[in-house]
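# Overview (structure and organization)
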Amino acid sequence: MGDLTGFMKLKRVDAPRRPVPLRVLDWRDLYESLPENVLRDQGARCMDCGVPFCQGDTGCPVQNLIPEWNDHVYRGRWQEALTALHSTNNFPDFTGRICPAPCEAACVLGIIDQPVSIKQIELAIIDRGFAEGWVKPQPPEEETGRRVAVVGSGPAGLAAAQQLRRMGHSVVVFEKDERVGGLLRYGIPDFKIEKWVVDRRIQQIVDEGVVFRTGVEVGVDLPAEALLADFDAVCLAGGAQTPRDLPVPGRELQGIHFAMDYLAQQNRRLNGDELRDEPILAEGKRVVVIGGGDTGSDCLGTSHRQGATEVVQIEIMPTPPLQRAESTPWPYWPMKLRTSHAHEEGGQREWSIMTKRFLADEDGRVRAIEAVRVEPGPDGRGFVEIPGSAFEIEADLVLLAMGFTGPYGAILDQLGVERDQRSNVKANRDHATNVEGVYVAGDMRMGASLIVWAIREGRDAAAAIDRYLREGAGVGGSAAGVGERAVG
Ligand code: SF4
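The residue numbering used here restarts from 1 in each chain and proceeds along that chain's sequence as written. Only residues with pLDDT of at least 70 are given local features in this predicted model, and only at 80 or more are side-chain atom pairs given and counted; all residues enter the totals for whole chains, interfaces and linings. For the side-chain quantities, the full set of heavy atoms in the structure was used; hydrogens and water were omitted.

### So, the site of the ligand
Using the following cut-off: In these notes, residues near a molecule or strand are those with any non-hydrogen atom within 4 Å of it. Think of it this way: any DSSP run of H or I at least four residues long counts as a helix, any run of E at least two long counts as a strand, and we number them from the N terminus. Residues are sorted three ways: Asp, Glu, Lys and Arg are charged, Ala, Val, Leu, Ile, Met, Phe, Trp, Tyr, Cys and Pro are nonpolar, and all the rest, Gly among them, are polar.
Lining the immediate environment of the ligand, one finds 13 residues, of which C46, C49, C54, C107 and V108 sit closest. No other element matches helix α4 (residues 66-74), which puts 3 residues into the shell around the ligand. Looking at the shell around the ligand, its residues break down into 11 nonpolar, 1 polar and 1 charged.

### Comments concerning the packing of aromatic side chains
Working definition: an aromatic ring pair is given by the centre-to-centre distance plus the angle between the planes. So the rule is basically this: Under the pairing criterion, centres of Phe, Tyr and Trp rings, with the six-membered ring standing for Trp, must be within 6.5 Å; the plane angle then separates stacked pairs below 30 degrees from edge-to-face pairs above 60, leaving the rest tilted. Burial classes: relative accessible area under 20% of the type maximum marks a residue as buried, over 50% as exposed, and values in between as partly exposed (1.4 Å probe, protein chains only). A positively charged side chain is recorded as over a ring if its NZ (Lys) or CZ (Arg) lies within 6 Å of the ring centre. The angle to the ring normal must also be within 35 degrees.
In the structure shown here, the tally under the stated rule is 5 aromatic pairs. Note on F91 and F94: the rings are 5.1 Å apart at their centroids and 35 degrees apart in plane angle, and the pair reads as tilted. Residue class for F91 comes out buried when judged on its relative accessible area of 0%. Exposure remark for F94: the relative accessible area of 0% places this residue in the buried category. Relative to Y468, the ring of Y439 has its centre 5.7 Å away and its plane inclined at 55 degrees; by these criteria the two rings are tilted. Here the residue Y439 occupies a position in strand β16 (residues 438-440), and Y468 occupies one in helix α18 (residues 451-472), the gap between them amounting to 29 residues. Judged by relative accessible area, Y468 falls into the partly exposed class, the value being 21%. Between R305 and the ring centre of F191, over which it is positioned, the NZ or CZ distance is 4.0 Å. In this arrangement the basic side chain of R373 is found over the ring face of F391, its NZ or CZ atom lying 4.8 Å from the centre.

### A closer look at the nonpolar core
Note that soluble globular proteins tend to have their nonpolar side chains buried in a common cluster. For clarity, the threshold we go by: Residues belong to one nonpolar core when they are buried, are Ala, Val, Leu, Ile, Met, Phe, Trp, Tyr or Cys, and are joined through side-chain atoms within 4.5 Å. Note on definitions: a residue-residue contact is assigned when non-hydrogen atoms from the two residues lie within 4.5 Å.
If you look at the biggest cluster of nonpolar residues, it comprises 69 residues, and the most contacted ones within it are W69, F94, I125 and L158. The element best represented in this core is α18, accounting for 9 residues. Setting aside its immediate chain neighbours within four residues, L158 contacts F91, F94, S153, V180, L184, I202, I205 and F212. With 21 residues, the next largest nonpolar core counts V151, V216, A224 and F231 among its residues.

Note that every value here comes from positions in space, so none of it alone points to a role or purpose.
The structure is reproduced here in structure tokens:
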């Protein structure tokens, strides 16, 4: 902590967003970066707390060394900051862009003032690292001769693959889509993470020796037993992408789609890939997004960029409080009303709305939603309709963004892995499933969660697989130490 009074005299500065009228005309990152002197000031706001809640369990899931790199940035020691940053997080270039930053919600300074701009500092460190050429491949010095298959190339799979490779194992990643990246590639719009950012990191992983086999769905194109026969261990990291449906009358009408199908298509368009299905486009349409979370917000931003005439986002939950709810005191992730960049770009938000049915036009396409207003049920459980509150919202395109219910894939049945009560793949504390040598990481184990949790899961599963291979399968050397290797 170089500046003892920085937190008293300096105010938080957020990264500027490009002007709305300009940014909705393209798909580029909506944020601009802060100049170095401002970033140093932001680093100086860190109090180097005796108990840094930002990096504890309620803050950062990968336990980033936040006060350490804040101080490095304040002192202009960018390379040291990068080393500290990479020591706990394989992909700060992803989290610096799309993590909602639970670390900032847990920052001690946030009790009396705006928290430290942790995420912005993180992004500046890694972007500088790439710009300076400090991020380099780290192939292992020794090979163990063991082979590990990773199924899924989202953030959990990529983190597991990179860690395992650096430990000296031979790693093959199987991806059902034609490109690597999972949700990073197909789920998240370019205005939040441009895909060259993903490609740049994947190139590093390839240069370290990880092999990617794309367009291969294990369980369909390759039997799961072939995987067990060919590899010493398997890490399942296929996500939890079964979308929650809305089984009300009229659900079968044309023009009603899952949000992820819509978002994936736009990413495919920008990638120059084949669409596979009928195009889903918002251009010239009245769009209704059902679901008030991040995926709904991504649909909103995408609809505006495609030229929707109007967008309404509805949510069954009541309007959250403007400030942190009493039920989520510091340092917990606050339940409160959030206005995202997408809401800044337009559209209308409605709360406490329940969809009753979808209404058709004469061609069998959706023309409106019939909805009612609701209030919390007795004891706060469920919802009850407000009598006489029925109304219609006109819609040419409806996007269902109500979250995900769990993992899917023929591989799970073929392997015979047990599931938990929420249908996620069941594992012990070491990420091991009931099938010998088969491990699981990320959303497939936890249910849909944050990217930073996916990275933590991938790292933890990799460490557990390494222990299994070394202790159980007779590989020499120590499992420790990979997490300490930092540059790049
Ligand atoms: Fe710095 Fe906030 Fe972490 Fe304290 S909690 S060390 S002020 S970033």
